[in-house]
Amino acid sequence: MKRELPLFVTAAVGLFMILSFFVPHQVVSVPADFLQQSAVIVVAFGIVLGGANLLRLNLQSVVKRQAGWPYRLVLIAGLLATVLIGLIEGRDFQAAGTRSTWIYDEVYSPMSSAMFALLAFFIASAAFRAFRIRTVEAGLLALAAFLVMLGRVPLGNALTAALPEGLRLGPIAEWILRVPQNAANRAILIGAALGVMATGLRVILGIERSYLSGEE
Amino acid sequence: MLSRGAALAVALLGLALAVRPQPALAQGQAIIVPPPVIQPPPSAAHVPPPPAPGAIPAPRPARGLTWKDVPDDAGRALDLAWTLSPDDTLHRPVLQGYYVMRSENPGGPWTLVDSVAAGVSGYRDQSTSLQRNVVYFYRIDAYGPGGVTPQGSITGPAIAVSQWFNHTRWSVLVLTMLFFAFVLFFIQNAQGEGKKPFVRRIPGIDAIEEAIGRATEMGRPVLYVPGVQDIDEMQTVQSLIVLESVAKTTAKYETPLKVPVTYPIPFTIAQEMVRGGYLNAGRPEQYDPDSVQFVSPEQFAYVAAVTGIMLRDRPAAHIFLGAFFAESLLLAETGFATGAIQVAGTANANQLPFFVVACDYTLIGEELFAASAYLSGEPKLVGSLKGADLMKLVILALVLAGCVLETLGRHGLTAWLSTQ
Amino acid sequence: MRLFEGLARLDRRWIFAVTGLLVLIPLLWPLNLPLSSSPPVRAYHAAIAAVPDGSHVLVSCDFDPAAKPELEPMARSTLRQLLAKRCKVVVVVLYQGGARLVGQIVREVAAERHAVYGTDIVDLGYKAGNEAVMVLMGQSLPNTFPRDQDGLDVRTLPIMRGVRNYSSFPLLVSLSTGYPGTKEYVQQVQGRFHIPIVAGVTAVTAPTMYPYLQTGQLRGLLGGMAGAAEYERLLDERGPASRGMDAQSLAHVFVALCIVLGNLAQWGRRRGDGA
């Protein structure tokens, strides 16, 4: 029973939600809508579990003085301070001049931008280290990368400005994006979408169960 | 023996799958919302005051009001159409717009539903006050600076009826049923034959065990990153399914496993998956509940935490399976710098180039979804892969047929495939 | 030959340092490279230009500070083009962490263009729920966002007069960095509510939008800072994206150079091993 009930609930709810895509009648649409809205509540409770785990693990590390414990202390202090300030400021925590907006503007915003900006450095080092032209295909890939990288910026266009329109880097880069890139992208999208459906079906029908539970 | 945790995980997975936002919310379906905006309020009596000499007169009324039940919905909307008032012209400021009035009796009392601008000759009444299977009558009043003129005639009785099937979704139903039939057929077939159907070698999946083996030799942990999206993303579901197999292997090799997770629901499922893996390997006592950590749903906070684990704990194997965005290269390049063997897999096509360049092995798109079937070798699961492959052939045929028909100017197939 | 072998052992921090300098120098001393515009950007500009003057336009700004350099210039230029046409701009945010940044942009552009908040432009703020919110907006926008970013009742705002759902807008502008974003708008909204959509996305997601562009599900596309800069050029502005393009040009050339140098290094190492 321990095994069958969850699998039955999974299958029943999953098939019901598939049905709701085709049946607009209130007999189906109202409960389906209720289930969708319930998900938000389930997730809200989940965040408590996650937060508790985060605090527990980091507190343990600090107490045991594990490697990098001062960073964990910063994390705990930041987490508690942000939550507390938000609670004290209440519903208007997003109004201008509050401490919460200060945290957003002066801490969160620059740190987020800085992390994203690291990407530029990593792209350069990855290009140097890993982009090896060992085969004809890799050569074609490198050529396409060259054309798109230069065609997407003013410098590439300025360098080829004297050439006829069709030979300029900008239109060539645009063609690569529009035709070969687009075709490959679509193929991956279709394959992945079918993979999504097949996985969904396996879980809903409980075919993954033996795998999940390790039972035969 | 199935653990209670694994059963809970199955239920959570099912619930998560079931409650994904559906692209199928029918118009007018009962979503609890406050009443609609109604403005401006109508005057108590819709009788135009007698125009003062030289003042703008009241507009002449609209004509020919008709109604139609909105098809393929839950009976919560009606379509209205009318002929514009002769005063509804660009250059005469006599008419400003129309009030849509509704009543349950032809004689009133009339309630204002909404107002529409001048030049508009149709309206879809999907206000929350509209009930299905209730008889309504409608009237359109023209208004302007000179006053309000009710329409001479009314339309009705109009009834919004709930439908049992959305007819614009026939194509989706047919293709879905076909897909389900293919998958179930091949599953049945595989079970009947009892032997594993052929699946081509996928080096990326084979490399997972190799990577864990290397981590064991070096006496260092394995890092498993299940993507940065919540459980409503199927890649996360697939990644968590593969996680159990990875946990089973690490348990077998007695190698520590670290799983940082972004969202709370995948976090609880990941805990169950790892516990299940250790149980299945026959080493439940080795399971460390702290091996799965909740980090943050915030993308770059998560990156900072994971790169921190890479640099401090120096795992010898990094496995990135799931949905990834801008963090893919940040993780993979930092991982490379630590010298770890890296296996990645995602269906996010725009992140694939980064993983291909920075990792040792990459699962591309659907290979990620084939991972659990490939790893387990379970005939039923491999059968589902064959079903998906056959469906791909059907889609290819449809794409080709669509190209030919559209080129010939025939739009029937495209129209059949379009949904509402 | 020894040079190439040395290259193979190059510490990656040198690459980081050069990348940093190449980005920094043109920001301090602009090169003012000439900008052109690509067809998707011209289509984006034309789609907004084709909106009747004075009509309502929905702008969904789904990005957070991480994507600020790419998407903020797009948002600012788009709001400017719309306000210049006296369009009534309704801004919503569906991306967690973006409401405050978007609020600042709305207020600054409104002040710069002398637009009256609540009459010419409104910021309805953030709503959690991803695709579900997109679908709810198709039923009733004022019910989905009953209050604006400042907590004002949207029914009392003049700009919201006559605004019901997507049918009240001749155009939807989706500026997005990830999930939920343009892809979800195309899947959930365009197909069902048939509202024309133009989009601005980060450079890394731009290639995945081309299928939608080709099918007409997107009427125009700005991809990354390059797209934003080309759009600024069409509006005769010299904004932050145009200034950033000098830095991006040099960085792209450097990345291309890195591929060449990396291969030379590899070749040198192999020759060295052979010897």
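All values derive from a computational prediction rather than experimental measurement.

### Structural notes on the overall build of chain A
Logical step 1: Scanning chain A for helices and strands turns up nine helices and zero strands.
Logical step 2: Listed N to C, the secondary structure of chain A is α-α-α-α-α-α-α-α-α in terms of helices and strands.
Logical step 3: By the compact-globule yardstick of 17 Å for 216 residues, chain A is too spread out, its C-alpha radius of gyration being 27 Å.
Logical step 4: Over its C-alpha atoms, taken along the principal directions, chain A stretches across nearly 70 × 50 × 40 Å.
Logical step 5: Taken over 216 residues, chain A has a buried fraction of 34%.
Logical step 6: Considering only contacts in chain A between residues 6 or more positions apart, those separated by 24 or more positions represent 24%.

### Comments concerning the interface of chain C and chain A
Logical step 1: Each partner contributes residues to the interface: chain C has 41 residues there, and chain A has 39 residues.
Logical step 2: Looking at the side of chain C that touches chain A, the elements with two or more residues in it are helix 2 (12-28), helix 5 (99-112), helix 9 (206-215) and helix 11 (240-274) of chain C.
Logical step 3: For the side of chain C that touches chain A, the element with the most residues is helix 11 of chain C, which contributes 15 residues.
Logical step 4: Of the residues contributing to the side of chain C that touches chain A, the split by class is 26 nonpolar, 11 polar and four charged.

### Quick word on unusual backbone geometry
Logical step 1: The omega angle of the peptide bond from Gly156(B) to Pro157(B) is 0 degrees, so this bond is cis rather than trans.
Logical step 2: Assignment of secondary structure puts Pro157(B) in strand 8 (residues 155-158).
Logical step 3: Each neighbour pair has its own omega, and for Tyr179(C) with Pro180(C) the value is -5 degrees, a cis peptide bond.
Logical step 4: Among the secondary structure elements, Pro180(C) is positioned in the loop between strand 4 (172-176) and helix 8 (182-193).
Logical step 5: In this model, Asp72(B) sits at a positive phi of 60 degrees, which is unusual for a non-glycine residue.

### What about the sheet that holds strand 1 (residues 63-69) of chain B?
Residue and element names in this part refer to chain B.
Logical step 1: Here three strands make up an open sheet; going across it, the order is 1-2-5 and the pairing antiparallel. Both outer strands of the open sheet, strand 1 and strand 5 (122-125), are each paired with one neighbouring strand and no more. In this sheet, adjacent strand axes meet at a mean angle of 20 degrees when their direction is disregarded.
Logical step 2: Sheet topology places strand 1 next to strand 2 (residues 78-83); five bridges connect them, and they run antiparallel. If you follow Asp-69 over to strand 2, its bridge partner there is Leu-78.

### Regarding the interface of chain B and chain A
Logical step 1: Facing 82 residues of chain B, the contacting portion of chain A comprises 71 residues.
Logical step 2: Ranked by residue count, the leading element in the side of chain B that touches chain A is helix 1 (residues 4-18) of chain B, at 12 residues.
Logical step 3: A per-class count over the side of chain B that touches chain A returns 52 nonpolar, 18 polar and 12 charged.

### Things to note about the packing of helix 6 (residues 131-139) of chain C against helix 8 of chain C
Packed helices, taken two at a time, are described by the angle their axes make and the gap between the axes.
Residue and element names in this part refer to chain C.
Logical step 1: Between helix 6 and helix 8, whose axes approach to 9 Å, the crossing angle comes to 20 degrees. Taken as axis vectors, helix 6 and helix 8 run roughly parallel relative to one another. Of the two elements, helix 6 crosses helix 8, and the hand of that crossing is right-handed. Mapping the contact onto sequence places Glu-131, Met-134, Val-135 and Gly-138 in helix 6 and Glu-184, Tyr-185, Gln-188, Val-189, Arg-192 and Phe-193 in helix 8.

### Re the environment of Trp69(A)
Residue and element names in this part refer to chain A.
Logical step 1: Residue position: Trp-69 is located in helix 3 (residues 69-89).
Logical step 2: Of the residues examined, Trp-69 has 15 C-beta atoms within 10 Å and is grouped as partly exposed.
Logical step 3: Sequence separation between Trp-69 and Leu-119 is 50 residues; the distance between their C-alpha atoms is 27 Å.
Logical step 4: Leaving out residues up to four positions away in the same chain, Trp-69 has contacts with Ser-61 and Val-62.

### Some details on the confidence of the model for chain A
Residue and element names in this part refer to chain A.
Logical step 1: Predicted confidence across chain A gives a mean pLDDT of 85, with 95% of residues reaching 70 or more.
Logical step 2: Least confident of the elements in chain A is helix 9 (residues 209-213), whose mean pLDDT is 47; most confident is helix 3, at 92.
Logical step 3: Residue range residues 210-216 is modelled with pLDDT below 50. Its contacts to residues more than four positions away, or to other chains, number 21 contacts.

### Things to note about the confidence of the model for chain C
Do not read the predicted coordinates in detail wherever pLDDT is low.
Logical step 1: Counting all residues, the mean pLDDT for chain C is 89, and 99% of those residues have values of 70 or more.
Logical step 2: Predicted complex metrics record ipTM = 0.85 and pTM = 0.81.

### Notes on the sheet that holds strand 3 (residues 121-126) of chain C
All names here are of chain C.
Logical step 1: The strand order across the open sheet built from six strands is 3-2-1-4-5-6, with neighbouring strands paired in parallel fashion. The sheet is open, and its two edges are formed by strand 3 and strand 6 (220-223), each paired on a single side. Each neighbouring strand pair of the sheet contributes to a mean axis angle of 15 degrees, computed without reference to strand direction.
Logical step 2: Where strand 1 (residues 56-62) meets strand 4, five bridges bridge the pair, whose relative direction is parallel. Paired with Leu-58 across the bridge in strand 4 is Leu-172.
Logical step 3: Taken strand by strand, helix 5 contacts strand 1, strand 2 (88-93) and strand 3, and its axis lies near 175 degrees from that of strand 3.
Logical step 4: Sheet strands touched by helix 8: strand 1, strand 4 and strand 5 (197-201). Its angle to strand 5, the strand with the most contacts, is close to 165 degrees.

### Some words on the pairing of strand 10 (residues 257-261) of chain B
Residues and elements named next belong to chain B.
Logical step 1: Judged by how many residues are buried, strand 10 sits mostly within the fold: five of five residues are covered.
Logical step 2: Two strands pair when backbone bridges link them, and strand 9 (residues 222-225) and strand 10 are joined in this way by two bridges, in the parallel orientation. Bridge assignment links Leu-223 to a residue of strand 10, and that residue is Lys-258.
Logical step 3: For the crossover that starts at strand 9, traverses helix 4 (residues 234-253) and ends in the parallel strand 10, the hand is right-handed.
Logical step 4: The β-α-β motif built from strand 10, the intervening helix 5 (residues 264-280) and the parallel element strand 11 (residues 292-294) has right-handed crossover chirality.

### So, the pairing of strand 4 of chain C
Residues and elements named next belong to chain C.
Logical step 1: Counting buried residues along strand 4, five of its five residues qualify, which places the element largely inside the surrounding structure.
Logical step 2: Residue alternation in strand 4 divides its side chains into two sets, Leu-172, Ser-174 and Ser-176 and Val-173 and Leu-175, and both sets are buried.
Logical step 3: Pairing of strand 4 with strand 5, which is carried by five bridges, proceeds in the parallel orientation. When the sheet's bridge partners are listed, Ser-176 is paired in strand 5 with Val-201.
Logical step 4: Each parallel crossover has a hand, and the one from strand 4 via helix 8 to strand 5 is right-handed.

### Focus on the packing of helix 3 of chain A against helix 4 (residues 99-130) of chain A
Residue and element names in this part refer to chain A.
Logical step 1: Across the interface, helix 3 lies against helix 4 with an axial gap of 9 Å and an inter-helix angle of 140 degrees. When the axis of helix 3 is compared with that of helix 4, the two are oblique. Where helix 3 abuts helix 4, its residues Thr-82, Ile-85, Gly-86 and Glu-89 lie against Arg-99, Ser-100 and Ile-103.

### Digging into helix 3 (residues 39-49) of chain C
All names here are of chain C.
Logical step 1: Pro-40, Val-41, Tyr-44, His-45 and Ile-48 are the residues of helix 3 that are buried. For helix 3, the angular spread of the buried residues around the axis is 140 degrees, confining them to a single face.
Logical step 2: Residues of helix 3 that are buried in the fold lie against helix 4 (68-84), strand 5, helix 9, strand 6 and helix 10 (224-234).

### Considerations on the environment of Asn189(B)
Logical step 1: For Asn189(B), the location among the structural elements is in helix 2 (residues 170-193).
Logical step 2: Through-space distance from the C-alpha of Asn189(B) to that of Asp72(B) is 38 Å; in sequence the pair is 117 residues apart.

Cut-offs used in this document
The residue numbering used here restarts from 1 in each chain and proceeds along that chain's sequence as written. Whichever chain is written first becomes A and whichever ligand is written first becomes 1, with later ones labelled in order. In view of the model being predicted, local features appear only for residues whose pLDDT reaches at least 70, and side-chain atom pairs are presented and counted only at 80 or more, with totals across whole chains, interfaces and linings using the full set of residues. Helix numbers and strand numbers start at the N terminus; a helix is a DSSP run of H or I with at least 4 residues, a strand a run of E with at least 2. Two things to know: the radius of gyration comes from C-alpha atoms, and the globule rule equals 2.2 Å times the number of residues to the power 0.38. Partly exposed residues are those falling between the two cut-offs: more than 12 but fewer than 20 other C-beta atoms within 10 Å of their own, whereas 20 or more means buried and 12 or fewer means exposed, with C-beta atoms placed from the backbone. Placing C-beta atoms from the backbone, we regard two residues as in contact once those atoms come within 7 Å. Under the scheme applied here, ten amino acids are nonpolar (Ala, Val, Leu, Ile, Met, Phe, Trp, Tyr, Cys and Pro), four are charged (Asp, Glu, Lys and Arg), and all others, including Gly, are polar. For two strands to count as paired, DSSP must find a minimum of two bridges between them. All axes are obtained by fitting lines to C-alpha atoms, using only the stretch in contact for helices, and the reported angles, taken between N-to-C directions, cover 0 to 180 degrees. In what follows, roughly perpendicular refers to angles from 65 to 115 degrees, roughly parallel to angles under 35, roughly antiparallel to angles over 145, and oblique to any angle outside these ranges. Crossing handedness follows the turn of the near helix against the far one: under a right angle anticlockwise gives a left-handed crossing, and clockwise gives a right-handed one. Here pLDDT means the predictor's own confidence in every residue, given as a number from 0 to 100. Crossover handedness is defined here as right-handed if the route from the first strand over the helix to the second strand goes clockwise, with the strands pointing away from the viewer. Taken from the helix axis, the directions to the C-beta atoms give the arc we talk about.

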